[in-house]
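Working through the structure, step by step
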Amino acid sequence: MHQPFITEASVADWNDNKKADFVNHVSGTVSAAQNPSESDNILHRELYELLQMGMLGKITHEKVAECLSALGEKVPKEMIEESLCDVLWLVGEEAVELKDSKPELKGSLASLANQILSHKVANADLLKERVSEEVLQEMALIKSAADAKARLQRLRTGKVYSQQKFNLMREESEGYAKLIVDLEQGLALTEDNVERVANNIQSLIAYFNLDPNRVLDVVLDCFESCLNQPCYFILIKKFSATSLIQVLGFKFHGHMKAGTRPPSSLFKLVATLCKNKVIHVSDIYPYLSAEDEEIKKSFEEHCDKVVDQVRKMRVFTLSKMDEVQKGEETPYDPAPHAVGGDDNQKLVLTAAFLDVGDWTSASYMFDVLGAVLPTSYPPVAKSLCNLIHRMIDPLYRSIIESSKLLGLLYKSPKMELTSNSEGMPVISDMSELEKIMPFMRHLSIYLHEDVVLLVKLCRIVKECIKSSDGKPPEFVKEILLNFMGVLALLPANAAIASDLWECIKLFPYLDRYWIYSEAHWQLYFQHPQLLVARANAREEMRKLLKGLTKENVSKQRRHLAKICHSNPLVVMEVVLDQIQEYESMIDVCKDALGYCGSLALDILSYLIVEELGGALYIAKPFLQDDCANLARWLLNFSSFLSDVYLKYPRMEMKGLLQHIFNRLQKDSFGELQILRDLVAKLAGIKFDVATISTEDIDSRSGGERLRLASEYPWPTEVLFDRAEAAGDLGIGKLGGAAKIKAYQAAQKERSEACKWLVNSLQESKLTVPLLILIAQQTSGCLFTAEAIKQDKIRFSSWLHVQCQETLLVYADFLWRRVPNKDIAGLIPGPMDLITQLQMEPALALFVLRPAFKGTDNSAVLDLSLHAKDILNSMPSNLKQSSPALFTTFWSLTLNDISVPVETYENHERRLKKALADLEETDRLDPKAKEKDVKKWKESITLDLDKLEKERKKQVENNKKVMTKISDDKDSLVEKDKSYKAIPCFFLQTCVFPRCVQSPEDAVFCARFVHLLHKIKTPNLSTILIYNMIITTFGPMVFSRTEQEAKHFGKFLSETLHMLNRWASTEEIFKKECENFPGFTNVSQKSTKPEKIAFSSFQQCSRNWHKQLSKAFTTCLESSEGTEVHNALTILSELVGGTFPVYDAYHAEVKQRVQKLIGEEQQFGQSIVVMARSVNARLQACEAKMLKLPSKGKRKEAPEKDKDVDREKKLKNEKGAAAPVKDVKPEPVRRVEKEEEDKKDVKREGNAESLHPVRKRNRAEDDKGHAVKEEDPRAVRHKQDGAGGQPSKKEGSLSSQSKSPADGRDGKEEERPGHLEERKETKKEDGRVDTHKGRKDPDGRDGRDLGRPDGPPRGAPGMVSMRDEVPIQQRLGGRPQGSPPRELKGRGGEGDDKRDLKRLRREDDKDRHPPPLHPMDMRLDPRDSGRMMGNERPGGMRGGLPMDRMEPPGSRGGNFGGDMRERRERPRPGGSSGPGGSNMSGGGMRGR
């Protein structure tokens, strides 16, 4: 709102400067006003404030007059005089009203007016007309106000109520006859004789006493018959303008009273008079019918009728079409003024104005009638179209002539524009095209009345956009927006839609989407005709889709395209609604879009983005009620979207990609499914973690040709298929020729779609940002607002799986379809990803993988330069590391260390067979033409050559990599590094984080570990790595998502496959393991490494299977659904191949899995379904299980022989030469046995009183762990070794640990006789070791293994775990090099007692050894909870938390906290041993 310059503060010190500022302010504001009414308002307000201040005496009257005089020099004088008179009248009225309270105001006003008149700012005559009589009397302009009022009253009475006496009844017809005769000469009227005719008419009026109004009426009638005669204007102007307007108004009023329509010539007469400024349209407007309120009311009633009619129509989707029944249809024209418009004199007069080219008067009518859409009246729209034709004709002709398409010239209506046609520009240049906008805004969508003009404008707009150098003016978008509405009102016209697309496609997608959005949400609801057109299109689509099937889609899609040419927005909106409701409509609708134009497909791309964005505002859920599955509508939408973009790849894709990127930035998750499906379909990537097999992984480890041959193999099996027709429609089985052509077409389709996807990503510059954003989403998805809101483990796991799958698919697409050099240069450095972008190191290295291998296998990024920085960013408790090993591991991929030669050969054989089959022309499909067969042969031969070249290239690359690794193997692990710390570092920073990233990475990790073993990497214990992998199984299960568990299962399966293979035969073991540095025992205090024998490794392998069995049983008994689900997921990867392989462990796992089948209420249906699947696999492989080797019972020797044996052993042990025949150790043994039994019973009772559950578990275990038969492999090995097996070196580890249970030569370990006898006695009594809680499945109590579930003596960890105690001393013998002890006759009883006590203490220590690895300990629930997430921002996710892992063999190692506190805190499931571990129950309890 305008603020006046004059205020009380500004007039306090009024001077010349203030006067100048006031004058400049008012003149500048008035000149800047947009229209005359606004300038008048501003001037009135400023003058009012100035005069009021002068009247109140705050400014002297003379200064006010001077100020007005100065203002008159810058503002037109007429405007100043008019406004000043109006303001003086207003101020005078105020002074009159306040004459009683402020009588001085009247005198002040009179003085002010006199000053104004003296400075000649105002006209005295004009003041007398405008100002009241009382004010004029005070101003001394009149003597008496009362006399002036009386005189004015008399004048009005005489003029209005007095009538001149005409001879109305006895008028002479002769006068009118002579008048007509003179006027008939009007056809020959010229400027020379028009004055004579005018004088004659005046004479006739005077002589015959004619009524001047009737004479004027006759003159107008004559002029109406010849409107092209301008001399009539001279005659008409001789009459009073008021009389002229009244006569014309009387004509219109007479027709209205008679109920007839005025002739069109009358409207043209009025239009001609207005055009030549004889009268103004505002003067004649009050005489026209109908009233404005009546017109507005009629328009609103029509709109309400249209809305009601639309509501009655079926505008619902098929799923809701039964809700409303279609009402009775009555045909009507939805145009607002189509019916009754001819009776509206104002609309007809508007059309007349346009016909005569009077745009000034027509614009006045448009402004007054704008709310009722005057252009919806067809004659108005047509007249306006004709007017635009004449305006653009010069420009259109120049465009056509320059393009040499003269046949397209359209002859415009012949109507010359007169020189006095104001507001009618003639456009001859492209820079003047904007002048057409006022006309186009009024015409709007009603351009459909003239299709020729629409085509002209399309071509002009197209040239305008091309000539704008990529920056088209804004008004062009407004024109195209109206064209969208015009298209909806036209009958189906593919050519018009094509011309419109030629214009719209020149805009960037943001401008195009703006046009579609405005048309969709604004334009359709501003015009009733568009509402009806929209409803009719939806109704037609409903009928069409109701009968659309796969069989008739080829016929019906032409009808759909016909509807789509007129209303593409409506059609595509209905299609999207249908595919979200019905999955079966996806393929049908996709095929039905075949004949739709490019404009319709571009609109579909816009509606796809709008549908995704609109789902946020209408609260359309992305998830189902279980919060672990995507909504059905989103899955259908994603599938349709990817299929459509595959079939029509030229659709706009940048808008969708930008929307997905924006939504991912806001931590949205629904768009991940869409991005994954889109990339997978368009790039031809087949990736499904649930169904991927080992063969698929091998194929993915090859080159691009092998992957294509595996994912989309040549259809050799259809070569001999014959076509068969069936049914009335002729639809039947396709022949081999048709199938092969379809295969080739699909290949070409995918190739083209992939190129467009890559181009869209590169043009929008989202290639690498999307990759980084998805990786960030994967890393931090558990901390998003949605994950915190759901607060469910299942949702968090599902969300991480969604992110990881999308990352794998998108990364695979980039690595396969985009050159590495285009990616590597855009990805930030590794430390930037880790520190600035807060990405986990494993994910950062995954993202950087293309940079490690550029073009021709040349590295773009040298990881060795950043390895130390990356390792430094990890937790500092890694005491030792190997940057070389870290660099080598993360720089390689599966195809570097493994070449799927067999897979290559299989596909080559398949293609060669196809070539051979093509030679059998008699069996081929008859529709296969000779040229087709020739092309197929060439294609197969080309594929075969590419496969062979690729295989050779892969083999060469593998050789280079293997040579480099072999050359660098000595530098991978430094010699002075701890052999325990490096495996821990390797698993923690390399294997565990990567093995859960993808199936290929899982296999790569397993094969890389084997590669390190195979190349005989020095200073690296391979068997220790395998032992750590097995012992960390429990935490890996609990802290993984479903997909990561699947990947870890593949890694474990590949690892166990190798271990089982080594344990199968001694020949394989000797060849691949025996003399390898990874299979030697290196103690920190021993100087000579010890080799691991085959029998020790077999026992170690069985113990690993035993640990896995216990771990699986513990996980399956957990109350956490996530842990149970992950355990079943891993089992599904192992069962039937690598685990279980022994019947006892098979029975344990099977028993627990079968128990899960009946626990649907606790865990849900998904876990029960998985349990049934795993149970079926367990049952299928039950017959293949191996028997665990049983420990044979020692034959009972006579007492005498026992004494002799004991004597010999004691003699050998103590070096005594005296005979010991008088020694009777039996009483001692009996007494000691009784004492031991009492202590065992007491200890067992205490333990069972504290843990009653353990008692029941031990009973069940004793019942289930019966003595099994010997391992057939061990029996076979024993038979093979019976003849000529070389003897082991005495004192070696393998010779000390031989036992029948190990499948060796049957010799017993040399142990003290009293200890062996005590063990046999306890076995005969059927006792269970109270410290162990239960026996092992193989019948042994595990004491000789050092711990119940650890590796056997001789495996790494058990020798090096307690280096301060020699192994002979732990077995009951003397240490090497110690002096022999002597037996003193019968006094040896005391020594025997001391020996027994010492052995008992040693056994107690062996029952509770320090843990081999922190993961071997029982897990506290708080520890397991802490392991699920990495609290350290730079830590790697995978395996164990880095700040809690310690090197194996460290006593008292645990997950965190002081060791003393861990010892003092009771462990769940029983009391803890010296190392803080609990050995009372199998597996990992306490979770």
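This is a predicted model, so every value here is computed, not measured. (Residues numbered from 1 in each chain as written. Predicted model: local features only at pLDDT ≥ 70, side-chain atom pairs only at ≥ 80, totals over all residues. Heavy atoms only, no water.)

**Concerning the overall build of the chain**
The secondary structure content of the chain amounts to 69 helices and two strands. Classification of the 1487 residues of the chain by burial places 54% in the buried group. In the chain, the share of contacts with a sequence separation of at least 24, taken over all contacts with a separation of at least 6, comes to 76%. Total accessible area computed for the chain in this model is approximately 68,600 Å², and 50% of it derives from carbon and sulfur atoms. (Helix = DSSP H or I, 4+ residues; strand = E, 2+ residues; numbered from the N terminus. Buried < 20%, exposed > 50% of the residue type's maximum accessible area, 1.4 Å probe, protein only. Contact = heavy atoms within 4.5 Å. Areas by Shrake-Rupley, 256 points an atom, 1.4 Å probe, with all protein chains shown as cover.)

**Description of the packing of helix H48 (residues 981–995) against helix H52 (residues 1042–1064)**
Closest axis-to-axis distance for the H48/H52 pair is 8 Å, and the angle between their directions is 120°. Where H48 approaches H52, its residues Val 991, Phe 992 and Cys 995 are matched on the opposing element by His 1047, Phe 1048 and Phe 1051. Of the residues contributing to the contact of H48 with H52, the split by class is five nonpolar, one polar and no charged. (Axes fitted to C-alpha atoms, helices over the stretch in contact; angles between N-to-C directions. Nonpolar A, V, L, I, M, F, W, Y, C, P; charged D, E, K, R; others polar.)

**Structural notes on the pattern of salt bridges**
All chains considered together, the criterion is met by 51 salt bridges. Residue Arg 261 pairs with Asp 342 through a salt bridge whose shortest N-O separation is 3.7 Å. Here the residue Arg 261 occupies a position in the loop between helix H13 (241–258) and helix H14 (264–275), and Asp 342 occupies one in the loop between helix H16 (292–312) and helix H17 (345–356), the gap between them amounting to 81 residues. Take Asp 342: its relative accessible area is 40%, and that puts it in the partly exposed class. We note a salt bridge from Lys 346 to Asp 292, for which the minimum N-O separation is 2.4 Å. (Salt bridge = Lys/Arg side-chain N within 4 Å of Asp/Glu carboxyl O.)

**Quick look at helix H34 (residues 704–711)**
Taken as a whole, H34 has its buried residues at Leu 706, Arg 707, Leu 708, Ala 709 and Glu 711. Among the structural elements, helix H33 (694–700), helix H38 (793–817), helix H46 (901–918) and helix H47 (930–972) are those in contact with the buried residues of H34.

**So, the packing of helix H31 (residues 654–665) against helix H32 (residues 670–683)**
Relative placement of two packed helices is described by the angle separating their axes and the distance separating the axes. Where H31 meets H32, the closest approach of the two axes is 10 Å, and the angle between their N-to-C directions is 140°. Considering their axes alone, H31 and H32 lie oblique with respect to each other. Note that H31 runs across H32; the crossing there is left-handed. Contacts from Leu 656, Leu 657, His 659, Ile 660, Arg 663 and Leu 664 of H31 reach H32 at Glu 671, Leu 672, Ile 674, Leu 675 and Leu 678. (Parallel < 35°, antiparallel > 145°, perpendicular 65-115°, else oblique. Left-handed = near helix turned anticlockwise from the far one by under 90°.)

**Considering the packing of aromatic side chains**
For any two aromatic rings, the description comes down to two numbers: the centre-to-centre distance and the angle of the planes. Within this structure, the stated rule accounts for 35 aromatic pairs. Ring geometry for Trp 359 and Phe 439: centres 4.2 Å apart, planes at 35°, overall tilted. Remark: Phe 439 occurs in helix H20 (residues 437–443) and Trp 359 occurs in helix H18 (residues 359–369); sequence separation between them is 80 residues. Sitting over the face of the ring of Tyr 712, Arg 750 holds its NZ or CZ atom 3.6 Å from the ring centroid. Geometry around Phe 889 places Arg 994 over its ring, the cationic atom sitting 5.3 Å from the centre. (Phe/Tyr/Trp six-rings, centres within 6.5 Å; stacked < 30°, edge-to-face > 60°. Lys NZ or Arg CZ within 6 Å of the ring centre and 35° of its normal.)

**Here we look at a negative patch on the surface**
A cluster of acidic residues, Glu 291, Glu 293, Glu 294, Glu 300, Glu 301, Asp 304 and Asp 308, forms a negative patch at the surface. When you line up the elements, Glu 293 lands in helix H16. For Glu 293, a relative accessible area of 63% puts it in the exposed group. (Patch = residues over 30% accessible without salt bridge, like charges linked within 9 Å, V, L, I, M, F, W, Y side chains within 5 Å. Lys, Arg positive; Asp, Glu negative; His and termini not counted. Charge placed at Lys NZ, Arg CZ, Asp CG, Glu CD.)

**A look at the nonpolar core**
Counting residues in each nonpolar core, the largest one holds 325 residues, and the members touching the most others are Leu 480 and Phe 813. A per-element tally of this core places helix H19 (residues 378–402) first, with 12 residues. Setting aside residues up to four positions removed in sequence, Phe 813 forms contacts with Val 679, Ala 683, Ile 685, Cys 754, Leu 757, Val 758, Leu 761 and Val 818. Listed in part, the 47 residues of the second largest apolar core include Ile 59, Ala 70, Ala 113 and Ala 122. (Core = buried A, V, L, I, M, F, W, Y, C linked by side-chain atoms within 4.5 Å.)

**Remarks on helix H55 (residues 1121–1134)**
The end-to-end C-alpha separation of H55 is 20 Å, in line with the 20 Å expected for 14 residues at 1.5 Å each. Burial of H55 is extensive: 12 of the 14 residues sit out of reach of the surface. Buried residues along H55 sit against helix H51 (1033–1038), H52, helix H54 (1094–1116), helix H56 (1143–1157), helix H57 (1160–1163) and helix H58 (1165–1180). Trailing H55 by a residue or two, Gly 1136 shows a phi angle of about 90°, which is positive. (Expected span 1.5 Å × (residues − 1).)

**Some thoughts on the environment of Val 996**
Position of Val 996 relative to the elements: it lies in the loop between H48 and helix H49 (999–1014). Each C-alpha atom, one on Val 996 and one on Phe 1048, is 5.5 Å from the other, the two residues being 52 residues apart in sequence. Residues contacting Val 996, with those up to four places away along its chain left out, are Gln 804, Met 1036, Arg 1040, Glu 1044, His 1047 and Phe 1048.

**Here's the deal with the environment of Glu 763**
One can find Glu 763 in helix H35 (residues 736–763). Residues Glu 763 and Lys 654, 109 residues apart in the sequence, show an inter-C-alpha distance of 8.0 Å. Separated by 3.3 Å, the side chains of Glu 763 and Lys 654 make a polar contact. (Polar contact = N/O pair within 3.5 Å; in protein donor to acceptor, adjacent residues only side chain to side chain.)

**With respect to the confidence of the model for the chain**
Of all residues in the chain, 73% have pLDDT values of 70 or greater, and the mean over the chain is 75. Looking across the chain, the model is least confident in helix H68 (residues 1421–1427), with a mean pLDDT of 33, and most confident in helix H24 (residues 509–521), with 94. Counting interchain partners and residues more than four positions distant, the pLDDT-below-50 stretch residues 410–415 has 18 contacts. With pLDDT under 50 throughout, residues 1192–1202 is counted as low confidence; its partners more than four residues away or in other chains account for nine contacts. (pLDDT = per-residue confidence, 0-100.)

**Here we look at the environment of Asp 1001**
Residue placement: Asp 1001 occurs in helix H49. For the pair Asp 1001 and Phe 1051, spaced 50 residues apart in sequence, the C-alpha to C-alpha distance is 8.3 Å. If sequence neighbours within four positions are ignored, Asp 1001 has contacts with Phe 846, Arg 849, Arg 994 and Cys 995.

**Points about unusual backbone geometry**
Put simply, Ser 289 and Ala 290 share a cis peptide bond, and its omega is 0°. Relative to the helices and strands, Ala 290 resides in the loop between helix H15 (281–284) and H16. Following Phe 1139, the chain continues into Pro 1140 via a peptide bond in cis, with omega recorded as -10°. Considering the arrangement of structural elements, one finds Pro 1140 in the loop between H55 and H56. Even without a glycine there, the phi angle at Lys 277 is positive, about 60°. You can see Lys 277 is positioned in the loop between H14 and H15.

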